[in-house]
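Secondary and tertiary structure notes
So the chains spell out like this:
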Amino acid sequence: MKSIELEIPVTDGVCFEELLTTLKWNLDDFGEVVFCGFGEPTESWDKVREVAAFIKKTYNNKPIRINTNGAGNLINERDITKEMAGLIDTVSISLNNPDKDEYNKLVRSKFGDKTFDEMIDFAKKCVANGLNVVMTTVDTTISHEEEAQCRIICDKIGASYRIRPWES
């Protein structure tokens, strides 16, 4: 399935109409729309939500995925997983490491030590709201034992587990 990746600018000054001009492609040519980028898409959740609603309405319920670090509820200071239902089909969350301390060292989140637990809670809430959840790690960055632990975490949550290829 061919996907198109959309980056939503975090800048507050960008309005919905300006965002629509970035949709210069015929989205009918793509099987899926992916919100991702050089940053966290939930930093601009209100814009993502608006564009996703437009895409769902205009392109016959086109499948939409968001690639995220799972900190969306922390970033937006509310449970955005309820708002995702009906707009976002798949939530791909970077699990990175099964160990809370190692995860927190790796991601160095501005939210500190609570980030791992909140990311797991975000994944659980996405599943509870009927979203397809895929949690990922990157090949060669953790051991096979850690990959097995990640699979157990995902199984408990009800999420799929995927090991992304290392891209240099």
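Here we summarise the structure given alongside this text. (Residues numbered from 1 in each chain as written. Predicted model: local features only at pLDDT ≥ 70, side-chain atom pairs only at ≥ 80, totals over all residues. Heavy atoms only, no water.)

**A look at unusual backbone geometry**
Of note in this structure, Asn 60 is not a glycine but carries a positive phi near 50°. Its location among the elements puts Asn 60 in the loop between helix H2 (45-58) and strand E3 (64-68). Here the phi dihedral of Asn 96 falls at roughly 65°; this positive angle occurs in a residue that is not glycine. When you line up the elements, Asn 96 lands in the loop between strand E4 (90-94) and helix H5 (100-107). (Helix = DSSP H or I, 4+ residues; strand = E, 2+ residues; numbered from the N terminus.)

**Here's the deal with the layout of surface pockets**
Taken as a whole, the second largest pocket encloses approximately 170 Å³ of empty space. Forming the boundary of the second largest pocket are 14 residues, of which Asn 69, Ala 71, Val 107, Ser 109 and Lys 110 lie nearest the centre. Split into classes, the residues belonging to the lining of the second largest pocket amount to 5 nonpolar, 5 polar and 4 charged. (1 Å grid on protein atoms, 1.4 Å probe; cavity = no way out; pocket = protein on both sides within 12 Å on 5 of 7 lines; lining within 4 Å. Points joined across faces, edges and corners; volume = space filled by probe spheres on them. Nonpolar A, V, L, I, M, F, W, Y, C, P; charged D, E, K, R; others polar.)

**A closer look at helix H7 (residues 144-157)**
Taking 1.5 Å as the rise per residue, H7 with 14 residues should run 20 Å; its terminal C-alpha atoms sit 20 Å apart, in good agreement. For H7, every residue scored as buried is listed here: Glu 147, Cys 150, Ile 153, Cys 154 and Ile 157. All buried residues of H7 project into a common sector of 115° when viewed along the axis, lining one side. Counted as exposed and oriented over 90 degrees from the buried face of H7: His 144, Glu 145, Asp 155 and Lys 156. Buried positions along H7 lie against helix H6 (115-128), strand E5 (132-138) and strand E6 (160-164). Within two residues after H7, Gly 158 carries a phi angle of roughly 95°, on the positive side. (Expected span 1.5 Å × (residues − 1). Buried < 20%, exposed > 50% of the residue type's maximum accessible area, 1.4 Å probe, protein only. Arc of directions from axis to C-beta. Contact = heavy atoms within 4.5 Å.)

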